[in-house]
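# Inside the fold
Next come the chains, spelled out residue by residue.
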Amino acid sequence: MFGLPRHGGDHGRVAVVGLGRFGTALARTLTERGIEVLAMDVDPKQVQAVADVLTHAVVADSTDDEALRQAGVADYTHAVVAIGSDIEASILTTTLLAELGIPDIWAKAVTATHGRILDRVGATHVVFPEAEMGRRVGNMVTASLLDYSQVDDELALAKTHPPDRLLGTPIDTVALEDREGVRLVALKRDAGGYAAPAEGTVLTPGDVMVVCGPPDRVRDFSTPR
């Protein structure tokens with residue numbers, strides 16, 4: 001979801017404000033990638049829960065500009081406002097981060113109105129994790145997908161078993177794209193890894209296909225018919 005830096009150093013420092021489930025998972029993931037993370041929450045219990053995993057975890061009120069300065073947030077090139085339940089705190093925190101000159105601010109929104117306000121007060125990226133997860137799971141359930149990710153309105157990527165109509169059929173990638181409207185990106189079978197399929201490969205029930213294409217065509221591809 002997040003287009004944040006891959007490495008540590010001056011270009012890989014991220015301040016994460018709000019340590020609920022979303023913020024904590026995000027901070028842990030960034031840390032595992034070797035990115036320096038400053039995690040902040042007003043609740044000492046939330047901070048304590050991640051103190052043994054994260055290098056920098058502080059108790060601070062992100063709606064107080066002085067508290068942000070003392071925590072050193074102004075030295076970070078990226079910030080994520082992961083506050084969800086307190087919309088007022090989310091908006092004010094985003095505003096203060098923008099005033100501090102943070103060039104890249106990601107903010108979590110819980111409603112469309114919340115998202116529009118975050119955009120207006122300085123967020124460079126607004127995300128809706130609950131809504132996005134709901135769409136993802138909805139597509140996986142109704143289309144029998146193993147995994148699904150929608151890049152934008154025109155492109156989706158999915159992991160699925162071959163539909164019954166293609167079992168025992170040699171793969172013709174050009175014909176597949178013409179007939180089904182999806183492109184086969186990779187194929188995994190048995191204990192092997194994902195690889196570009198050889199032309200003429202015969203599909204079996206245990207195979208896992210990774211396909212991409214317009215969202216409606218990707219969903220239709222895996223929907224039994």
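Residues numbered from 1 in each chain as written. Predicted model: local features only at pLDDT ≥ 70, side-chain atom pairs only at ≥ 80, totals over all residues. Heavy atoms only, no water.

## Examining helix α8 (residues 215–222)
If you check which residues of α8 are buried, you get Pro 215, Val 218, Phe 221 and Ser 222. Axial view of α8: buried residues confined to an arc of 125°, hence all on one face. On its buried face, α8 is in contact with β7 (147–152), β8 (155–160), α7 (173–180) and β10 (208–213). (Buried < 20%, exposed > 50% of the residue type's maximum accessible area, 1.4 Å probe, protein only. Helix = DSSP H or I, 4+ residues; strand = E, 2+ residues; numbered from the N terminus. Arc of directions from axis to C-beta. Contact = heavy atoms within 4.5 Å.)

## Brief notes about the pattern of salt bridges
Under the defined criterion, the tally for this structure stands at four salt bridges. Of the charged contacts, one joins Glu 36 and Arg 13 as a salt bridge, the two residues approaching to 3.1 Å between their closest N and O atoms. Taken together, the residues Glu 36 in strand β2 (residues 36–41) and Arg 13 in strand β1 (residues 13–17) connect sequence positions 23 residues apart. Notably, a salt bridge pairs Arg 165 with Glu 180, separated by 3.0 Å at the nearest N-O pair. (Salt bridge = Lys/Arg side-chain N within 4 Å of Asp/Glu carboxyl O.)

## Side note on helix α4 (residues 87–99)
Under the 1.5 Å per step criterion, the end-to-end length of α4 is 18 Å for 13 residues, consistent within 8% with the ideal 18 Å. When α4 is considered as a whole, its buried residues turn out to be Ala 89, Ser 90, Ile 91, Thr 93, Thr 94, Leu 96 and Leu 97. Two residues or fewer after α4 comes Gly 101, characterised by a positive phi angle close to 85°. (Expected span 1.5 Å × (residues − 1).)

## Observations regarding the sheet that holds strand β3 (residues 56–59)
In space, the six strands of this open sheet follow the order β3-β2-β1-β4-β5-β6, with parallel pairing throughout. Either end of the sheet is taken by a strand with one partner, and the two such strands are β3 and β6 (125–127). Between one strand and the next, the sheet's axes are offset by a mean angle of 15°, whatever the strand orientation. Here β1 runs beside β2; their pairing, made up of five bridges, is parallel. Bridged to Ala 15 within β2 is Leu 38. Packing against the sheet, helix α1 (residues 21–32) makes contact with β1, β2, β4 (78–81) and β5 (104–108), and its axis sits at approximately 165° to β1. (Pairing = 2+ DSSP bridges. Axes fitted to C-alpha atoms, helices over the stretch in contact; angles between N-to-C directions.)

Scope: geometric values only; no functional claims are made or implied.
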